[in-house]
Amino acid sequence: MLVTIAIVFLFIGVVAGVIGSIAGLGGGIFFVPALLFLANMYMPGSMSPQVATATSLLVIAVTALSSSISYLKQKKVDIQSALLFFIGSAPGAIVGVYVNTLLPIKSFSLLFGVFQLCMFALLMFKDKIKPRNIDWQIKRQFVDNEGNEFEYGYSRWSAILIAFFVGITSSLFGVGGGVLMVPAMMILFRFPPHIATATSMLVIFFSAVIGSATNILHDNVNWLYAAMLAPGAWAGGKLGAIAAGKMKGRTIVLVLRVLILGIGIQMIVESIVG
């Protein structure tokens, strides 16, 4: 039975790594449900939500490191922006670990699910919204493989504040934070899809390491299941980054929309039925 679970986790790691890397989400939307279902099927009551999210976050760090290395080679990562976002996400990740142990998450899951549906709607109509001319403190330019030119930017404090809440979400739900970070980058700061997803993965890696270190101190990580998921997650992260490099920006946005819609519906249903 344990060998079968290991094989299934290897497959899940690859799939989650590929999809999570393409969309800049980290893959936690797959890891947490898989851990809760399979581990408790093997040993009923052995996997709590806290341990599942902690174990997921550690595996997300593996996925994010693998894909970030590939994205850095492609020169798709905005390193300076990633470091700035990390300044906010690092303390947020630590706060999220403590909130996870204190907060009855059922009602919060409903709010988060509704918020994700709103993000989905914004992503659907973002191209129809007339851009405002904003005098950002920091401005960047990027030309994608299709020759499309992008200008994006942000103010430092707004970026840090948003990243702080992203860090909390990362640790609280074990989803890696990209489910908020990527839409925020694209909608608020006009990051092009390729740069948003690649930069998000580096931020996710930094914040996942901080959150995982805190979880390890509290003995929340199941090392056996983490070891089963990690090899597939590493391979999937690398494959996803390679695949994303060959995709059009619109395709990446489409993948992101589908995932965000799925996450939103899942969390709403769980909060009502669970």
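Nothing here was measured: the structure is a model prediction, and the numbers come from that model.

Asker: Explanation requested: the packing of aromatic side chains in the structure shown.
Answerer: Tallied over the full model, the rule gives 11 aromatic pairs. With 5.0 Å between their ring centres and 55° between their planes, Phe86 and Phe206 make a pair best called tilted. Pair noted here: Phe86 is in helix 4 (residues 79–102) and Phe206 is in helix 8 (residues 193–217), with a separation of 120 residues, a long-range link. Between Tyr154 and Phe191, the aromatic rings sit 6.2 Å apart at their centres with planes inclined by 15°, giving stacked as the arrangement. With Tyr154 in strand 2 (residues 149–154) and Phe191 in the loop between helix 7 (178–188) and helix 8, this pair connects stretches of sequence that are 37 residues apart. Classification of Tyr154 as buried rests on a relative accessible area of 1%. Classification of Phe191 as buried rests on a relative accessible area of 3%.

Asker: Help me understand the pairing of strand 1 (residues 138–143), please; the structure alone is not making it clear to me.
Answerer: Each regular strand shows side chains that alternate between the opposite faces of the sheet. With burial as the criterion, only one face of strand 1 is covered, namely that bearing Ile138, Arg140 and Phe142; the residues Lys139, Gln141 and Val143 on the opposite face remain uncovered. Looking at chain direction, strand 1 and strand 2 are connected through six bridges and run antiparallel. Residue pairing for strand 2: Lys139 is matched across the bridge by Gly153.

Asker: Explain the packing of helix 3 (residues 49–74) against helix 8 to me, please; I cannot follow it from the model alone.
Answerer: How two helices pack is summed up by the angle between their axes together with the distance between the axes. It is at 8 Å that the axes of helix 3 and helix 8 come closest, and there the two elements cross at 145°. Crossing of helix 3 against helix 8: the hand is left-handed. Across the interface between the two elements, Ala54, Leu57, Leu58, Ile60, Ala61, Thr63, Ala64, Leu65, Ser67, Ser68 and Tyr71 from helix 3 touch Thr197, Ala198, Met201, Leu202, Ile204, Phe205, Ala208, Val209, Gly211, Ser212 and Asn215 from helix 8. Considered class by class, the residues forming the contact of helix 3 with helix 8 number 15 nonpolar, seven polar and no charged.

Asker: Is there a simple way to think about helix 1 (residues 2–23) in this case?
Answerer: For helix 1, built from 22 residues, the straight-helix expectation of 32 Å at 1.5 Å per residue is met to within 8% by its first-to-last C-alpha distance of 31 Å. Burial in helix 1 covers these residues: Ile5, Phe9, Ile12, Gly13, Ala16, Gly17, Gly20, Ser21, Ile22 and Ala23. Lining the buried residues of helix 1 we find helix 2 (28–42), helix 3, helix 7, helix 8, helix 9 (223–245) and helix 10 (249–273). Positive phi shows up at Gly24, right after helix 1, with a value of about 75°.

Asker: Explain helix 9 here, please?
Answerer: The α-helix winds at 3.6 residues per turn, so residues separated by three or four positions along the chain end up facing the same way. Taking 1.5 Å per residue as the helical rise, helix 9 with its 23 residues ought to reach 33 Å, and the 32 Å between its terminal C-alpha atoms agrees with that figure. Along helix 9, the helix axis deviates most sharply at Ala230, where the bend reaches about 30°; the proline Pro231 sits within four residues downstream. For helix 9, the capping residue at the N-terminal end is Asn222, with a side-chain oxygen 3.2 Å from the backbone nitrogen of Leu224.

Asker: Hey, could you run me through a nonpolar patch on the surface in this one?
Answerer: Side chains of Leu110, Val114, Ile265, Val269, Ile272 and Val273 sit close together on the surface and give an oily, nonpolar patch of about 530 Å² of accessible area. At the level of secondary structure, the elements contributing two or more residues to the nonpolar patch comprise helix 5 (105–125) and helix 10. Broken down by element, the residue count for the nonpolar patch peaks at four residues, all from helix 10. Positionally, Ile272 belongs in helix 10.

Asker: Hey, could you run me through the packing of helix 1 against helix 2 in this one?
Answerer: Remark: helix 1 packs on helix 2, axes separated minimally by 10 Å, with the N-to-C direction vectors making an angle of 175°. Judged by the inter-axis angle, helix 1 sits roughly antiparallel to helix 2. Listed contacts from helix 2 to Leu2, Ile5, Val8, Phe9, Ile12, Gly13, Ala16 and Ile19 of helix 1 are Phe30, Phe31, Ala34, Leu35, Leu38 and Tyr42. Along the lines of polarity and charge, the residues of the contact of helix 1 with helix 2 split into 13 nonpolar, one polar and no charged.

Asker: Honestly, unusual backbone geometry in this entry has me stumped. Any pointers?
Answerer: Both trends apply: most residues other than glycine have a negative phi, and most peptide bonds are in trans. One non-glycine residue with positive phi stands out, namely Lys75, at about 60°. Relative to the helices and strands, Lys75 resides in the loop between helix 3 and helix 4. Even without being a glycine, Arg190 presents a positive backbone phi close to 65°. Relative to the elements of secondary structure, Arg190 occurs in the loop between helix 7 and helix 8. We classify Arg190 as partly exposed; its relative accessible area is 25%.

Asker: Sorry if this is basic, but what is going on with the nonpolar core here?
Answerer: Most often, soluble globular proteins have nonpolar side chains that are buried together. Residues Phe9, Phe31, Phe85, Phe191, Tyr225 and Leu256 are the most contacted members of the largest nonpolar core, which totals 71 residues. Looking at which element gives the most residues to this core, the answer is helix 3, with 10 residues. Sequence-distant contacts of Leu256, defined by excluding residues within four places in its chain, comprise Ala23, Leu25, Leu123, Val182, Pro183 and Met186.

Cut-offs used in this document
Residues numbered from 1 in each chain as written. Predicted model: local features only at pLDDT ≥ 70, side-chain atom pairs only at ≥ 80, totals over all residues. Heavy atoms only, no water. Phe/Tyr/Trp six-rings, centres within 6.5 Å; stacked < 30°, edge-to-face > 60°. Helix = DSSP H or I, 4+ residues; strand = E, 2+ residues; numbered from the N terminus. Buried < 20%, exposed > 50% of the residue type's maximum accessible area, 1.4 Å probe, protein only. Pairing = 2+ DSSP bridges. Axes fitted to C-alpha atoms, helices over the stretch in contact; angles between N-to-C directions. Left-handed = near helix turned anticlockwise from the far one by under 90°. Contact = heavy atoms within 4.5 Å. Nonpolar A, V, L, I, M, F, W, Y, C, P; charged D, E, K, R; others polar. Expected span 1.5 Å × (residues − 1). Bend = angle between axes of the 7 residues up to and from the residue. Polar contact = N/O pair within 3.5 Å; in protein donor to acceptor, adjacent residues only side chain to side chain. Patch = residues over 30% accessible without salt bridge, like charges linked within 9 Å, V, L, I, M, F, W, Y side chains within 5 Å. Areas by Shrake-Rupley, 256 points an atom, 1.4 Å probe, with all protein chains shown as cover. Salt bridge = Lys/Arg side-chain N within 4 Å of Asp/Glu carboxyl O. Parallel < 35°, antiparallel > 145°, perpendicular 65-115°, else oblique. Core = buried A, V, L, I, M, F, W, Y, C linked by side-chain atoms within 4.5 Å.

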